[in-house]
Amino acid sequence: MPSTIFVLNGPNLNALGKREPGIYGGKTLADIEAMCIAHGKSLGLEVVFRQTNHEGVLVDWFHEAAEKAQGIAVNAGAYTHTSVALHDATRAIGIPVVELHLSNVHAREEFRHKSLLAPAAKGVICGFGPDSYILALNALKTLTQQTK
Ligand code: DHK
């Protein structure tokens, strides 16, 4: 049976393609979803790809993933820097969470340097544009093999 990975996206990522393309690139979220599904298939992973602008919905999806999936790749957008609820959700579930960002948050404004999610996550990938998603899937492939 292929492992299932939830790829979860937070606020404003629905606007990719037209949102500050100098920072976030020209690809839309639908483009990135297609990349993730194709790459997941090549790794033998089933990818469930979602986006929401609402913090509580992300928390619900973390708990759903704990029931249905073997790992989470999450770009929590701005909630990365503010959400105690996502930190707690990550600690509450027994599956690995990989935090990812398109941009190199450490090369940007100081308020983006702090992640509340990172201390609870398995690891963090940032700065590689859409390839950050691919690298997160590669990491989760390895992690799910280790937990089998
Ligand atoms: C996306 C966002 O929406 C920002 O709030 C984060 C992240 C960075 C990204 O680079 O993908 O600070």
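Definitions and limits used
- Residues numbered from 1 in each chain as written.
- Predicted model: local features only at pLDDT ≥ 70, side-chain atom pairs only at ≥ 80, totals over all residues.
- Heavy atoms only, no water.
- Near = heavy atom within 4 Å.
- Polar contact = N/O pair within 3.5 Å; in protein donor to acceptor, adjacent residues only side chain to side chain.
- Areas by Shrake-Rupley, 256 points an atom, 1.4 Å probe, with all protein chains shown as cover.
- 1 Å grid on protein atoms, 1.4 Å probe; cavity = no way out; pocket = protein on both sides within 12 Å on 5 of 7 lines; lining within 4 Å.
- Sits in = over half its atoms within 2 Å of the grid points.
- Salt bridge = Lys/Arg side-chain N within 4 Å of Asp/Glu carboxyl O.
- Buried < 20%, exposed > 50% of the residue type's maximum accessible area, 1.4 Å probe, protein only.
- Disulfide = S-S within 2.5 Å.
- Core = buried A, V, L, I, M, F, W, Y, C linked by side-chain atoms within 4.5 Å.
- Helix = DSSP H or I, 4+ residues; strand = E, 2+ residues; numbered from the N terminus.
- Contact = heavy atoms within 4.5 Å.

A. How the structure looks around the site of the ligand. Neighbouring residues of the ligand: 13 residues in total, closest Asn75, His81, Leu102, Ser103 and Arg112. Histidine 81 places a polar side-chain atom, nitrogen or oxygen, 2.7 Å from an oxygen atom of the ligand. Leucine 102 places a main-chain nitrogen or oxygen 2.8 Å from an oxygen atom of the ligand. Protein contacts shield 99% of the accessible area of the ligand, which totals 310 Å² for the unbound molecule. Spatially, the ligand is embedded in the largest pocket.

B. Spotlight on the pattern of salt bridges. Enumeration over the complete set of coordinates arrives at 4 salt bridges. Across the salt bridge formed by glutamate 109 and arginine 108, the nearest N and O atoms sit 3.8 Å from each other. Salt-bridge contacts for arginine 112 lead to glutamate 109; the nearest nitrogen and oxygen are separated by 2.7 Å. By relative accessible area, glutamate 109 is classed as partly exposed at 36%. Salt bridges here are not isolated pairs; linked through shared partners, they connect Arg50, Glu64 and Lys68.

C. Looking closely at the state of the cysteines. One pass over the full model with this rule turns up 0 disulfides. With no disulfide of its own, cysteine 126 lies closest to cysteine 36 among cysteine sulfurs, the gap being 16 Å. On the accessibility criterion, cysteine 126 (17% relative accessible area) is buried.

D. Focus on the nonpolar core. With 22 residues, the main nonpolar core has Val7, Phe49, Tyr133 and Leu137 as its most contacted residues. Every element with two or more residues in this core is listed here: β1 (3-9), α2 (29-43), β2 (45-51), β4 (97-101) and α5 (131-146). With 5 residues, the single largest contributor to this core is α5. Leaving out residues up to four positions away in the same chain, tyrosine 133 has contacts with Val7, Asn9, Leu29, Ile32, Cys36, Phe49, Asn75, Leu100 and Leu102. In terms of nonpolar packing, the next biggest core, distinct from the first, is built from 19 residues, Val48, Leu58, Leu86 and Ile95 among them.

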